[in-house]
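Read off the chains here:
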Amino acid sequence: MSVAEDEVGPIPPAELAGYIVGLEASDGVVDAYRRQGAELGEAIARALGDRWPAAGARALDFGCGSGRVLRQFARAAEPGQLVGCDIDAPCVAWVREHLPVVEAHVTGERPPLPFADATFDVAWSMSVFSHLTDTWAAWLLELRRVVRPGGRLLISVAGGGASEQLAGEPWDPDRIGMTVRGYGRPWRAGGPMVLHSEWWIRAHWGRVFDVVAFTPGGLAGQDLVLLERPDTAAAPPSEAALLAPEPDEPRELAAALHAVELANREHVELNRQHDAYAEAYIAEMARTQALTTEVERLRAELDRRTRFWRR
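Just so you know, these numbers come straight off a predicted model, no measurement behind them. (Residues numbered from 1 in each chain as written. Predicted model: local features only at pLDDT ≥ 70, side-chain atom pairs only at ≥ 80, totals over all residues. Heavy atoms only, no water.)

Draft legend 1. Quick look at the packing of aromatic side chains. Across all of its chains, the model carries 8 aromatic pairs by this definition. Pairing F115 with F120 gives two aromatic rings, centres 5.1 Å apart and planes at 90°, and the pair type is edge-to-face. Note on F120: relative accessible area 0%, which makes it buried. Geometrically, the ring pair formed by F129 and W205 is edge-to-face, given 5.5 Å between the ring centres and 65° between the ring planes. Of this pair, F129 sits in the loop between β4 (120-125) and α5 (136-146) while W205 sits in the loop between α7 (198-204) and β8 (210-219), and the two are 76 residues apart along the sequence. Summarising the burial analysis for this pair, F129 and W205 share the class buried. Ring pairing ties together the aromatic residues F62, F129, W139 and W205, which thus form one cluster. (Phe/Tyr/Trp six-rings, centres within 6.5 Å; stacked < 30°, edge-to-face > 60°. Buried < 20%, exposed > 50% of the residue type's maximum accessible area, 1.4 Å probe, protein only. Helix = DSSP H or I, 4+ residues; strand = E, 2+ residues; numbered from the N terminus.)

Draft legend 2. Here's a closer look at the side chain of E252. Within the fold, E252 resides in helix α9 (residues 250-310). When sequence neighbours within four positions are dropped, the list of residues in contact with E252 reads W199, W200, H204, P245 and E246. (Contact = heavy atoms within 4.5 Å.)

Draft legend 3. Representation of helix α4 (residues 89-98) within the structure. Restricting attention to buried positions, one finds in α4 the residues C91, V92, W94, V95 and H98. Seen from one end, α4 has its buried residues packed into an arc of 160°, which puts them on one side. (Arc of directions from axis to C-beta.)

Draft legend 4. Layout of the nonpolar core. Counting residues in hydrophobic clusters, the biggest one holds 36 residues, and the most contacted among them are L60, F129, W136, L140 and W205. Those elements giving two or more residues to this core turn out to be β1 (59-62), β2 (82-86), β4, α5, β5 (147-158), α7, β8 and β9 (222-228). The element that contributes the greatest number of residues to this core is α5, accounting for 7 residues. Not counting the four nearest positions on each side in its chain, W136 is found in contact with F129, M178, W200, H204, W205, L242 and L243. Counting residues in hydrophobic clusters, the runner-up holds 30 residues, among them L40, I44, A59 and A77. (Core = buried A, V, L, I, M, F, W, Y, C linked by side-chain atoms within 4.5 Å.)

Draft legend 5. Structural detail: helix α2 (residues 27-48). The terminal C-alpha atoms of α2 lie 32 Å apart, and with 22 residues this matches the ideal 32 Å at 1.5 Å per residue to within 8%. The set of residues buried in α2 consists of V29, V30, A32, Y33, G37, L40, G41, A43, I44 and L48. In the segment just after α2, G49 is the residue with positive phi, at about 60°. (Expected span 1.5 Å × (residues − 1).)

Draft legend 6. Region of the structure containing the environment of D86. Along the polypeptide, D86 turns up in strand β2. Placed 22 residues apart in sequence, D86 and G108 show a C-alpha to C-alpha distance of 8.1 Å. When neighbours within four sequence positions are excluded, D86 is seen to be in contact with Y19, G63, C64, G65, V92, H105, V106 and T107. A polar atom in the side chain of D86 sits 3.4 Å from the backbone nitrogen of C64. (Polar contact = N/O pair within 3.5 Å; in protein donor to acceptor, adjacent residues only side chain to side chain.)

Draft legend 7. Focus on a nonpolar patch on the surface. A contiguous nonpolar patch, built from Y19, I87 and W187 and spanning about 320 Å² of accessible area, is present on the exposed surface. As for its placement among the helices and strands, Y19 is situated in helix α1 (residues 14-21). (Patch = residues over 30% accessible without salt bridge, like charges linked within 9 Å, V, L, I, M, F, W, Y side chains within 5 Å. Areas by Shrake-Rupley, 256 points an atom, 1.4 Å probe, with all protein chains shown as cover. Salt bridge = Lys/Arg side-chain N within 4 Å of Asp/Glu carboxyl O.)

Draft legend 8. Just the environment of L166, in detail. One can find L166 in helix α6 (residues 163-167). When the C-alpha positions of L166 and P90 are compared, they lie 29 Å apart, and in sequence the two are 76 residues distant. Contact partners of L166, with chain neighbours within four places excluded, come to A158, R181, M193 and L195.

Draft legend 9. Seen up close, the pattern of salt bridges. Throughout the structure, instances matching the rule amount to 24 salt bridges. Note that R265 is salt-bridged to E169, the shortest N-O span being 3.2 Å. Remark: E169 occurs in the loop between α6 and β6 (178-181) and R265 occurs in helix α9; sequence separation between them is 96 residues. Among the residues examined, R265 registers a relative accessible area of 36% and is labelled partly exposed. Using a relative accessible area of 8% as the deciding quantity, one classes E169 as buried. Here E249 makes a salt bridge to R251, at a shortest N to O gap of 3.0 Å. Through salt bridges with shared partners, a single network forms among E169, D172, R175, E261 and R265.

Draft legend 10. Highlighting unusual backbone geometry. Each neighbour pair has its own omega, and for W52 with P53 the value is -10°, a cis peptide bond. Tracing the backbone shows P53 in the loop between α2 and β1. A cis amide bond links P111 with the next residue in sequence, P112, at an omega value of 20°. Looking at the element boundaries, P112 is found in the loop between β3 (103-106) and β4. Even without glycine at this site, D248 takes up a positive phi of about 60°. Along the polypeptide, D248 turns up in the loop between α8 (239-243) and α9. Among the residues examined, D248 registers a relative accessible area of 83% and is labelled exposed.

As far as function goes, none of this settles anything; it's purely spatial.
Here you go:
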């Protein structure tokens, strides 16, 4: 079977392209995959500067999906330079087959990654931490482990550009911190979404990486966080230490209280939808019962007429 290609390289089938951009398979989703991949590749190269692409450097795409970013760099990369990982096995299988210069791995929902300490010079993670609810600290520590001291990590997060869509309100970073919307929502429905404020990222992520730059709206409405692993022999903090509120930071409490408020609003909306579903279900049951009664009446009438004509 032939594989579609463009000027960059092979293009995955629509169902795999749709997985990584969060849309159903269609011709439009392939166009979105290509467009977003180009934008991401440019943003990554711009943010990492002379560190990537660079001769001899090793790069990790954490949450590579079906390769929308990897394919931007694949033709110029040497074997061993590009590595991708993702939880979706079909996407990883496609990358392995069609981007052979890339070393691709299937990962679990929690660490570890199958790499030695300090393996990578650079890493990026696009539209991943904007979905991580309970495992973000574990993954941030794992990425610190596999990025070499002095190496850099670029992560996109949802912030002000997504506030109206995700929280239904104007952006107020002092009341967000890290706020989860749609906790437990299945991936087929888009999964949970997480909003992040810059102050919170600097406070919490800054415990394990140096925050080099924070660029609001740096990529298609998402914010970009550029991190660098400190060149120190000190042991990293624990997950619990990353999760702990920042001491003497009043916005931590404000954000926690606001998260409860948003969760209550979400609960009310889910109840409303449940009530609407229940009402529709009752109405449909009544309609079905009426149809059943009418069918029984017609069947009885048919039996009566059949007996009449057989006389």
